[in-house]
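What the coordinates show
Residues per chain, in single letters:
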Amino acid sequence: MQSKRADIRIIDSETLSDNWYILKKFTFDKRRRDGEWQRQSREVYDRGNGATILLYNRDQKTIILTRQFRFPVFINGHEGDLIEAAAGLLDNMDPESRIKAEAEEETGFTVSRVEKIFEAYMSPGSVTEKLYFYLAEYHPRDQTGKGGGIKSEGEDIDVLEVTLDEALRGIETGQIVDGKTIMLIYHVALKGIL
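Here's a quick rundown of the structure. (Residues numbered from 1 in each chain as written. Predicted model: local features only at pLDDT ≥ 70, side-chain atom pairs only at ≥ 80, totals over all residues. Heavy atoms only, no water.)

Let's talk about a nonpolar patch on the surface
A surface patch of nonpolar side chains, amounting to about 420 Å² of accessible area, comprises Phe69, Phe71, Phe74 and Ile75. Inspection of the secondary structure assignment puts Phe69 in the loop between β5 (62–68) and α1 (71–75). (Patch = residues over 30% accessible without salt bridge, like charges linked within 9 Å, V, L, I, M, F, W, Y side chains within 5 Å. Areas by Shrake-Rupley, 256 points an atom, 1.4 Å probe, with all protein chains shown as cover. Salt bridge = Lys/Arg side-chain N within 4 Å of Asp/Glu carboxyl O. Helix = DSSP H or I, 4+ residues; strand = E, 2+ residues; numbered from the N terminus.)

What follows is the structure, encoded as structure tokens:
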């Protein structure tokens, strides 16, 4: 594997696991600002890119969130289910198409028009994933199903409709601790969308 940067030389890569996604160990040389080359190694988890969306209702000043069990946060001491914005991996789809499908699968709301607001790397020290962030306005008539996710993928999702004020309080009290969700809620509040 060649690097396009003149200050990075990839020496070796070793696959440590490809059971769920791909975990590799890379050895590389990096030229420091003082000109010296330094050998480093990093483990990198590649799970693909993803997208997330916050559905909002301007008239009711509400948003749609999901609640589900997340094993990694459970083993890190979080006892409750995680409250999140709908999200999912792209799985070889373009971000906009994927997030429309994910919103319907998880929340039961069909959205036809979405607005991309930004892209962000959520854990760039070890995970390759880039998230595409979206907003979409919803109305009660847009609810075409119950949501809940896909059972065969292990999803068992509750759909929550809360006011923006309740969501902001949830962040302050530690009830909402998911990074992508906090970013979306603060974006809506900061931009005065609701």
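What to know about the layout of surface pockets
Approximately 1400 Å³ is the volume attributed to the largest pocket. Taken together, 37 residues make up the lining of the largest pocket; nearest its centre are Arg47, Arg70, Pro72, Glu84 and Leu89. For the lining of the largest pocket, the secondary-structure elements that each account for two or more residues are β4 (50–57), α1, β6 (82–84), β7 (86–89), α2 (95–107) and α4 (179–190). The dominant element in the lining of the largest pocket, judged by the number of residues it contributes, is α2, at four residues. Residues belonging to the lining of the largest pocket are distributed by class as follows: 16 nonpolar, six polar and 15 charged. (1 Å grid on protein atoms, 1.4 Å probe; cavity = no way out; pocket = protein on both sides within 12 Å on 5 of 7 lines; lining within 4 Å. Points joined across faces, edges and corners; volume = space filled by probe spheres on them. Nonpolar A, V, L, I, M, F, W, Y, C, P; charged D, E, K, R; others polar.)

Observations regarding the sheet that holds strand β1 (residues 8–17)
As summarised here, the arrangement of the three strands in space is β1-β2-β3, forming an open sheet in which the pairing is antiparallel. With partners counted over all chains shown, the strands left at the sheet margins are β1 and β3 (37–46), one partner each. The sheet shows a mean angle of 20° between the axes of neighbouring strands, direction not considered. (Pairing = 2+ DSSP bridges. Axes fitted to C-alpha atoms, helices over the stretch in contact; angles between N-to-C directions.)

Any functional reading would require information that these geometric values do not contain.
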